[in-house]
Amino acid sequence: MGYFYGPVYSRRLGFSLGADIIQKNICSFDCLYCQLGKTIKKTNHRFSKVDQGKLIEELRQRLSEKPKIDFITISGSGEPTLCGDIGKVIKLIKKVSKRPVCVITNSSLLNKKSVRNQLLSADLIIPSLDAPSADIFRKINRPHTGISFNEIIQGLIKLRQEFKGKIWLEVMLLKGVNDKKSDFINFKNIIDSIAPDKIHLNTPVRPTPCVRKNLMPSPDKILLFKSILGQRAMSIISRKIIKNVDKAISDKAIIDSLKRRPQTIVDLAVSLQIRTSNLKKRMQKLLLDGKIQANVQNRKKYFLVRK
C-alpha cells in the first residue's frame, strides 16, 4: 500500500490528498466512534518507518497527474504523530508541492515538546478534543494508559502559543456521552484556554464497526453547543457536490480510498471524479466479488472494504 491516497473530498478541506504515514490502525487511542474499527496496536511510543525516497517519488507521480488538490493532509489509518519522522515528512512535502499541508491529530502526544516542534512547519493543524473531563475522555477515546487528559489540555495550550499557523479544534459529539449542557459549559472553559482559530463540531455520520447503537446527537444539542461556544464554532456539513468529470479509475483506487474511510456512492464519485451512474456498476461488481461491503447508517448507505 502506498503512502498517498485520494484526493478525497473532505467536508472542510475540499479536495484533500491524504498522506498515510502509519499505514495500519496503530494509535494511542481506541475511540468509541472510530470508522476503522478496533485499534490493532495501542501505543504512545513513537517510531520511524517512513521511506522518504519512496514517499517523495510517489508524491511527484501523484502531482504529475495534475489532480485537483486543496490540501495535502497527513492523517490516514493511525495517529500520525506516532511517526518520529513527521517533521521531515512535512518539510519534504513542502519542498515538492506548493499546496498547504494539514495535520490531523488526536492531540495525545502534543504535551511532548519534540512533537510540537516537528509540527511547526505545517500550515494547518486539526487536533481533536472529544471530552470535557478525564472520565468522559476515558469513556470515548479509551487511551493508552500512559496518556493523561490534563497533559493533552496543556499540550493544546502550548501548541497554540508556539504554532504560527491555523488551528481548527475538532470535537466529536456523541449522543448520551458528551452532549449534556453541563458538558458544553465545561468544554467552553477548556476551549477558551486553548484559543483555536475555529471549532468544528463533528458527528459520527459514518459507520462505526465496533458500536451498533446510534451515537448521533440531536440537532437541538448541536445548536445549543454552538450557541455556548460562540462565533468560532461551526458544525461540519457536506458542501455542495462539485460537478464530476469521468476519468479512468482502477478498482485499486476505489479500494484504497475506502480503506481509509467508509464513503457513500456520492462521496466516492466526487472524490474520484467519476460519474455516479458509472461508479454504481463498479461498486456492484466489487460487492459481488466480496471485496467491499455495504453498511447503512443514518439512512445512508456507506461502503467499506471487507475485513
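Attention here is on the structure that accompanies the text.

## Focus on the packing of aromatic side chains
Thought 1: Scanning the model with the defined rule gives 5 aromatic pairs in all.
Thought 2: Measuring from ring centre to ring centre gives 5.6 Å for Phe29 and Phe137, while their planes differ by 75 degrees; the resulting arrangement is edge-to-face. Of the two residues, Phe29 is situated in the loop between strand E3 (26-27) and strand E4 (41-42) and Phe137 in helix H4 (residues 134-141); the sequence distance between them amounts to 108 residues. Residues Phe29 and Phe137 agree in their burial class; the two are buried.
Thought 3: Ring centres 4.3 Å apart and planes at 10 degrees place the aromatic pair Phe184 and Phe225 in the stacked group. Of the two residues, Phe184 sits in helix H6 (residues 181-194) while Phe225 sits in helix H7 (residues 219-229), which places them 41 residues apart along the sequence.
Thought 4: Residue classification places Phe184 among the buried positions, given a relative accessible area of 0%.
Thought 5: Each member of the aromatic cluster is reached from another via a ring pair, and the members are Phe29, Phe137 and Phe149.

## Concerning the pattern of salt bridges
Thought 1: Across all of its chains, the model carries 13 salt bridges by this definition.
Thought 2: Across the salt bridge formed by Arg116 and Glu162, the nearest N and O atoms sit 2.8 Å from each other. Remark: Glu162 occurs in helix H5 (residues 149-162) and Arg116 occurs in helix H3 (residues 113-119); sequence separation between them is 46 residues.
Thought 3: Accessibility expressed as a relative area gives 3% for Arg116, which makes it buried.
Thought 4: One continuous salt-bridge network, built from bridges that share partners, spans Lys113, Arg116 and Glu162.

## Section: the sheet that holds strand E9 (residues 198-202)
Thought 1: Strands sit in the order E1-E2-E5-E6-E7-E8-E9-E10 across an open sheet of 8 strands; the sheet is mixed. Since the sheet does not close on itself, it has two edges, and those belong to strand E1 (4-10) and strand E10 (233-235), each with one partner. Put simply, the sheet's adjacent strands are angled 25 degrees from each other on average, direction ignored.
Thought 2: Running at roughly 50 degrees to E1, helix H1 (residues 52-64) makes contact with E1, strand E2 (14-19) and strand E5 (71-74) of the sheet.

## Some thoughts on the pairing of strand E8 (residues 166-172)
Thought 1: With 6 of 7 residues buried, E8 lies mostly within the body of the structure.
Thought 2: Relative to E9, E8 runs parallel, the two sharing 5 bridges. Note on E9: the bridge partner recorded for Val171 is Leu201.

## What about H7?
Residue pairs three or four apart in sequence face the same way in an α-helix, which turns once every 3.6 residues.
Thought 1: For H7, every residue scored as buried is listed here: Ile222, Phe225, Ile228 and Leu229. Projection of H7 onto a plane perpendicular to its axis shows the buried side chains occupying an angular sector of 125 degrees, all on one side. Among the exposed residues of H7, those pointing more than 90 degrees away from its buried face are Pro219, Asp220, Leu223 and Ser227.
Thought 2: Buried residues along H7 sit in contact with E8, H6, E9 and E10.

## Some remarks on the packing of H1 against helix H2 (residues 86-96)
Thought 1: Close contact between H1 and H2 brings their axes to 10 Å; oriented N to C, the two are set at 35 degrees. Here H1 runs over H2; the crossing is right-handed. For the pair H1 and H2, the contacting residues are Gln52, Leu55, Ile56, Leu59, Arg60 and Leu63 in the first and Lys88, Val89, Leu92, Ile93 and Val96 in the second.
Thought 2: Across the contact of H1 with H2, the residue classes break down as 8 nonpolar, 1 polar and 2 charged.

## Brief notes about unusual backbone geometry
Thought 1: In this chain, Gly6 is followed by Pro7 through a cis amide linkage whose omega measures 10 degrees.
Thought 2: In the Ramachandran plot, Lys66 falls in the positive-phi region, its phi being about 55 degrees despite a non-glycine side chain.
Thought 3: Tracing the backbone shows Lys66 in the loop between H1 and E5.
Thought 4: A residue is classified by how much of its surface remains accessible, and Lys66, at 71% relative accessible area, is exposed.
Thought 5: One non-glycine residue, Ser107, adopts positive backbone phi at about 75 degrees.

## Some details on helix H10 (residues 276-288)
Thought 1: Compared with an ideal rise of 1.5 Å per residue, which puts 13 residues at 18 Å, H10 spans 18 Å between its outermost C-alpha atoms and is within 8% of the ideal.
Thought 2: By the burial criterion, the buried members of H10 are Leu279, Met283 and Leu286. Buried positions in H10, seen along its axis, are confined to an arc of 60 degrees and lie on one side of it. Turned more than 90 degrees from where H10 packs its buried face, Lys281 and Leu288 sit exposed.
Thought 3: Looking one or two residues beyond H10, the residue adopting positive phi is Gly290, at roughly 75 degrees.

## A word on the environment of Ile125
Thought 1: Within the fold, Ile125 resides in strand E7 (residues 124-127).
Thought 2: Taking the relative accessible area as the measure of exposure, Ile125 reaches 0% and is therefore buried.
Thought 3: Distance from Ile125 to Trp168, taken between C-alpha atoms, is 6.5 Å for residues 43 residues apart in sequence.
Thought 4: Once residues within four sequence positions are removed from consideration, Ile125 is found in contact with Val103, Thr105, Leu119, Leu159, Phe163, Lys166, Ile167 and Trp168.

Reading guide: rules and limits
Residues numbered from 1 in each chain as written. Predicted model: local features only at pLDDT ≥ 70, side-chain atom pairs only at ≥ 80, totals over all residues. Heavy atoms only, no water. Phe/Tyr/Trp six-rings, centres within 6.5 Å; stacked < 30°, edge-to-face > 60°. Helix = DSSP H or I, 4+ residues; strand = E, 2+ residues; numbered from the N terminus. Buried < 20%, exposed > 50% of the residue type's maximum accessible area, 1.4 Å probe, protein only. Salt bridge = Lys/Arg side-chain N within 4 Å of Asp/Glu carboxyl O. Pairing = 2+ DSSP bridges. Axes fitted to C-alpha atoms, helices over the stretch in contact; angles between N-to-C directions. Contact = heavy atoms within 4.5 Å. Arc of directions from axis to C-beta. Left-handed = near helix turned anticlockwise from the far one by under 90°. Nonpolar A, V, L, I, M, F, W, Y, C, P; charged D, E, K, R; others polar. Expected span 1.5 Å × (residues − 1).

Bear in mind that shape data such as this cannot, by itself, settle questions of function.
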